[in-house]
Amino acid sequence: MTDTAEFLIIGGGLEGLAIAFSLAERGATDVLVLERNTLCSGMTGKSSGVVRCHYGAPSLAAMSWWSVPFFENAREILGDDLGFRQCGYVVGVGPENVDPLKANVATQQSIGIGVELIGPAEMAELWPGLRLEDFAAFAYEPRGGRGEAYLTGMAFATVARQRGVRIRQQAAVAELVEKAGRVIGARLDDGSEIHAGTVIVAAGPWTPTITATVDIDTPVKAQRAQLVLIDQGEPLPQVPVLSDLASLQYLCREPNGELLAGNSDHAVPEYIDPDDFVNRADDSTIEKVIGRLDHRLPHMPDPRISGSYVGAYDVTPDYNPIIGPAPMPGLFLATGFSGHGFKISPAVGRLVADLLLTGSTELPNVDAADFRYERFAEGRPLLSQHPYAGASEMR
């Protein structure tokens, strides 16, 4: 017999599970999630877990802002604190980016986001020992911070299951099933089929391979992201996440007091096979991290590299997600999150559930059309209104 579901979600990572949770929350429980491996075993576990609302695309900023109370109240909503630490978030820029920073802050404030411009004296209090002279301005979000994407995805899965959602692991999809110009389900590697009213592909960098089986070209690539962990010689005290756009890096305090350093320079992206890559930073990246940290944190007591790892952003041409119907009836896409996925995941679930169940969303200040698949063919990508020199579209 062929299994059936009203909604079939392909991808048991953070976004697919957020969608399953939100559908069930809205009363749609005939939902089946397929995961080719184990839940959250793909790029979800590689997320830096940063919570921030600093975006130049208002809809994206609004989705992140809507998600902040979700993280703050996660224990009541999901029964788990998701490892969320509200340490704050700061963007620091050089002189060439002062005007975009002020413009972005004004836009964010206009839609209610809690962000303010601060000076070097305030920044020095937030992060003692940070070299500040090459910064010209800062924006501070006191409600920002860090969480754990893996914990978040698994908590979504737990509550979704409690509400009736079915989840199958080790269930790899071989191809989508099409009939009379409509996607009606999926065929698994074992030859079995699952038919559904709507198929939702939320498979991150693996999405293009799946949609290609019905001749749909999903413009998503896997962009290499290298993360480096630094033991400073003593645990770092609680400090905000720093988006350092003067040095094109971001810095986060790990729960054990180590420092996580990531790259914010995407001028020359490197694309990888998400199933075949070396899971450690290369020597040139290590050298860049050492040079940047030597400049930004000159007083580290006894610094050493303690580890590194590699993930992949599922990036679109404009570094913003595709959330909406695919150009074939019966198929819906939630992919291409381009490094934004964790912080907006609660809003992603709500947006997808809204669109599938009612055709529109009441998420405040979010225009669902911004994320449509067709924007690339239309020549109307979703771009930052006030981009930062050197930082591409990730901010």
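Scroll up a little and you will see the structure.
The following refers to the structure shown. Every chain's residues receive numbers from 1 upward, in the order its sequence appears when written. Local features in this predicted model are restricted to residues of pLDDT 70 or higher, and side-chain atom pairs are both shown and tallied only at a pLDDT of 80 or more, whereas totals for entire chains, interfaces and linings draw on every residue. Note: side-chain values were computed over all heavy atoms of the structure, leaving out hydrogens and water.

## Overview of the pairing of strand β17 (residues 322–325)
Quick note on the threshold: One requirement defines pairing of two strands: DSSP has to find at least two bridges between them. Labels follow the DSSP assignment, with helices taken as runs of H or I lasting at least four residues and strands as runs of E lasting at least two, numbered in each case from the N terminus.
Relative to strand β18 (residues 331–335), β17 runs antiparallel, the two being bridged by 4 bridges. Residue G324 lies in a different strand from β18, and its bridge partner there is L333. Where β17 folds back on β18, the antiparallel hairpin that results is connected by 5 residues, among which G330 adopts a positive phi of roughly 90 degrees.

## Notes on the pattern of salt bridges
Cut-off, in case you're wondering: Any Lys or Arg side-chain nitrogen located within 4 Å of an Asp or Glu carboxyl oxygen qualifies as a salt bridge. To sort residues, take the accessible area from a 1.4 Å probe on protein chains only and compare it with the maximum for the residue type: under 20% means buried, over 50% means exposed, and anything in between is partly exposed.
Here the structure, examined in full by the defined rule, presents 18 salt bridges. Here E72 ties to R143 by a salt bridge, and the two come within 2.7 Å at their closest N and O atoms. Taken as a pair, E72 in helix α2 (residues 58–72) and R143 in the loop between β6 (137–141) and β7 (145–146) lie far apart in primary sequence, 71 residues in all. When its relative accessible area of 28% is taken as the criterion, E72 is described as partly exposed.

## Quick word on helix α8 (residues 283–296)
Note the cut-off: Under the convention used throughout, the expected extent of a helix is 1.5 Å for every residue step, that is, one less than its residue count. Within this analysis, the arc is defined by the directions that extend from the helix axis to the C-beta atoms. Contact between two residues is taken to exist if any of their heavy atoms lie within 4.5 Å; hydrogens are not considered.
With 14 residues, α8 should cover 20 Å at 1.5 Å per step; its first-to-last C-alpha distance of 20 Å lies within 8% of that length. Taken as a whole, α8 has its buried residues at T285, I286, V289, R292, L293 and R296. Angular distribution of buried residues about the axis of α8 spans 135 degrees; they occupy a single face of the element. Facing away from the buried surface of α8 by more than 90 degrees, the exposed residues are D283, E287 and D294. In this structure, the buried residues of α8 make contact with β12 (221–231), β13 (241–244), β14 (249–253), β15 (259–263) and β16 (304–315).

## Regarding the environment of P298
Position of P298 relative to the elements: it lies in the loop between α8 and β16. According to the relative accessible area criterion, P298 is partly exposed, its value standing at 30%. Note: C-alpha distance between P298 and S284 (14 residues apart in sequence) is 20 Å. What P298 contacts, discounting residues up to four positions off in sequence, is G129, R131 and L293.

## As for the environment of C252
With respect to the helices, strands and loops of the structure, C252 is situated in strand β14. By relative accessible area, C252 is classed as buried at 0%. Setting aside chain neighbours within four positions, we find C252 in contact with V50, R146, V241, E258, L259 and L260.

## So, helix α1 (residues 14–25)
Between the first and last C-alpha of α1 there are 16 Å, a value that for 12 residues agrees with the 16 Å anticipated at 1.5 Å per step. When you tally the buried positions in α1, you get 11 out of 12 residues, the bulk of the element. Every buried residue belonging to α1 is among L14, E15, G16, L17, A18, I19, A20, F21, S22, L23 and A24, and all of these are buried. Trailing α1 by a residue or two, G27 shows a phi angle of about 100 degrees, which is positive.

On their own, these measurements won't tell you what the molecule is for.
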